[in-house]
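# Understanding the architecture of this molecule
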Amino acid sequence: MERIENSEIGEDLISRGYSRRQLGRIAALLGGGIALAGSAESAFAQQSARAVAGAVRIGSNECWTGPLPAGAEAAMLIVAKGNWYEPNGEHAKLFDAVSKVEGVPVDRILAWPGSSDPLARTPITFASPKRGIVTADPTYESIWRTGAWIGAKVTKVPLTSDYRHDVKAMLAADPNAGVYYICSPNNPTGTITPIEDIQWLAENKPKDAVLLVDEAYVHWSDTPRAVKLAVERDDVIVMRTFSKLFGMAGMRLGLTFASPALHEKMMRYDGGQVTNMLPMTAVACGAASVPLADQIKARAAQMVSAREMAIAHVQKRGLKVLPGSHANMFMVEWKDKTPKEMMAAFLEQGVQIGRSWTAYPQMSRITVGSTEDMQKFCLALDKILMA
């Protein structure tokens, strides 16, 4: 706390409207070596349910299988070199691989241990008690928790009738926000916000505000990527993660694409301590996996097939499925039971499904697993409905 308060960083935070008490909260959330309070842990944590031994795990949007084989092999090979902090330029190899695939200059790529850190760090850096955060509702709530923790106003705007981010309503809801957050494909709906809408918000938001685009699930779809905006503009940050299609949730690796100036601002709050301490197993696995376009496409196709089979089965049982998912999840609306009751009922059948969102209180999110996983889900659903 003293290190932040009596520094240029602390002066910057105070000038943006943070109180000295809030400086302590920021230190708790991001400061290396500072014991996290319980609330800070919840503000920063993934909302992933604890796994139930032996159950089909389709509740936390994890991939049903592990890393691509070449990635796993690269990770295992580097274990033998674990005595070195960085055996042979692994960060550079990752950035070079990503740059070639995504068409992003290396100086606009930064790696993180997953997405949680940059998802918290962005509002701390660019929002404040004076400049709020605007998101869709529903969406991934991590940024809501960070906003509440640091004292920044969070404005939540309903999705459109076809489940896109309503970008014009988002801007109108808080025309002076510091951060506008778009998750596309969205979590929990799996729906896409067209790149034209995202670009409109980038062009019409306040010039000194930042647009944060979360593309955690983009590999499951063929939608045009927002990453081009992070190359062309200096006010857009695009996030990616290896936790989903690449099957690396437990290995912790993510990326941000942004201008060097935006990354430099984010790094002021001990960022170097985070990004320079990535596990080499994850970095090597990611670098080996990114170029495998055919295998990435094949894995995505497996998921799409399993998803459509499960959705068709649910609909045959007379239940509503929220339309338009292009991700490894879909939302089901229950008729006679609450989502909490359905979670318990499925667990009795050995299937662990996802939770609900306040915007859709009668719906549960179902992660798409393997074909076998989804067959077990369908069988469990039949037993529950016939009980």
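Note that the coordinates shown come from a computational prediction; the quantities given were computed from them, not determined experimentally.

What counts as what
Residues numbered from 1 in each chain as written. Predicted model: local features only at pLDDT ≥ 70, side-chain atom pairs only at ≥ 80, totals over all residues. Heavy atoms only, no water. Helix = DSSP H or I, 4+ residues; strand = E, 2+ residues; numbered from the N terminus. Rg over C-alpha atoms; globule rule 2.2 N^0.38 Å. Buried < 20%, exposed > 50% of the residue type's maximum accessible area, 1.4 Å probe, protein only. Contact = heavy atoms within 4.5 Å. Areas by Shrake-Rupley, 256 points an atom, 1.4 Å probe, with all protein chains shown as cover. Lys, Arg positive; Asp, Glu negative; His and termini not counted. Charge placed at Lys NZ, Arg CZ, Asp CG, Glu CD. Core = buried A, V, L, I, M, F, W, Y, C linked by side-chain atoms within 4.5 Å. Pairing = 2+ DSSP bridges. Phe/Tyr/Trp six-rings, centres within 6.5 Å; stacked < 30°, edge-to-face > 60°. Lys NZ or Arg CZ within 6 Å of the ring centre and 35° of its normal. Right-handed = clockwise from strand over helix to strand, strands pointing away.

## Notes on the overall build of the chain
For the chain, the count of helices and strands is 17 helices and 12 strands. Taking 387 residues into account, the globule formula puts the C-alpha radius of gyration at 21 Å, and the chain, at 21 Å, falls close to it. Across its three principal directions, the C-alpha atoms of the chain cover 65 × 50 × 40 Å. For the chain, with 387 residues in total, the buried portion stands at 56%. Once local pairs closer than 6 in sequence are excluded, the contacts in the chain between residues at least 24 apart make up 73%. A total of about 16,400 Å² of accessible surface is found on the chain, and carbon and sulfur atoms cover 53% of it. Averaging the locations of the 42 positively and 40 negatively charged side chains of the chain gives two centres separated by 3 Å.

## Some details on the nonpolar core
Counting residues in hydrophobic clusters, the biggest one holds 80 residues, and the most contacted among them are Leu94, Phe330, Phe346 and Phe377. Tallying contributions element by element places helix 15 (residues 293–316) first for this core, with 7 residues. Apart from the residues lying within four places of it in its own chain, the contact partners of Leu94 are Ala111, Phe242, Leu253, Leu255, Val283, Gly286 and Ala287. Judged by nonpolar contacts, the second largest core, of 30 residues, contains Ile124, Ala127, Trp149 and Ile237.

## Let's talk about the sheet that holds strand 12 (residues 363–367)
One open sheet holds the 3 strands; their spatial order is 9-10-12, and the pairing between them is antiparallel. Only two strands of the sheet have a single partner each, and these edge strands are strand 9 (320–321) and strand 12. Where strand 10 (residues 329–333) and strand 12 come together, 5 bridges link them in antiparallel fashion. Bridge pairing in strand 12 places Glu333 opposite Met363.

## So, the packing of aromatic side chains
Overall, the coordinates contain 6 aromatic pairs when judged by the stated rule. The interplanar angle of 50° and the centroid separation of 6.0 Å between the aromatic rings of Trp334 and Phe346 together place this pair among those described as tilted. Placement of the pair is Trp334 in the loop between strand 10 and helix 16 (339–348) and Phe346 in helix 16, with a sequence separation of 12 residues. Their ring planes at 10° and their centres at 5.3 Å tell us that Phe346 and Phe377 sit as a pair that is stacked. Taken together, the positions of Phe346 in helix 16 and Phe377 in helix 17 (residues 371–386) put the pair 31 residues apart, joining distant regions of the chain. By relative accessible area, Phe377 is classed as buried at 0%. Members of the aromatic cluster, joined through ring pairs, are Phe330, Trp334, Phe346 and Phe377. Stacked on the ring of Trp144, the Lys or Arg Lys156 has its end atom at 3.9 Å from the ring centre. Over the ring of Trp357 we find Arg355; its NZ or CZ atom is 3.8 Å from the centre of that ring.

## Considerations on the pairing of strand 7 (residues 236–241)
In terms of residue burial, strand 7 counts as a mostly covered element, since 6 of its 6 residues are buried. Side chains Val236, Val238 and Arg240 of strand 7 all project onto a buried face; the interleaved residues Ile237, Met239 and Thr241 project onto the opposite face, where all are buried too. Sheet topology places strand 6 (residues 210–214) next to strand 7; 4 bridges connect them, and they run parallel. Residue Asp214 lies in a different strand from strand 7, and its bridge partner there is Met239. For the segment spanning strand 6, helix 11 (residues 227–232) and strand 7, crossover handedness is right-handed. Sheet analysis places strand 7 next to strand 8 (residues 254–257), joined by 4 bridges and oriented antiparallel. Bridged to Met239 within strand 8 is Thr256.

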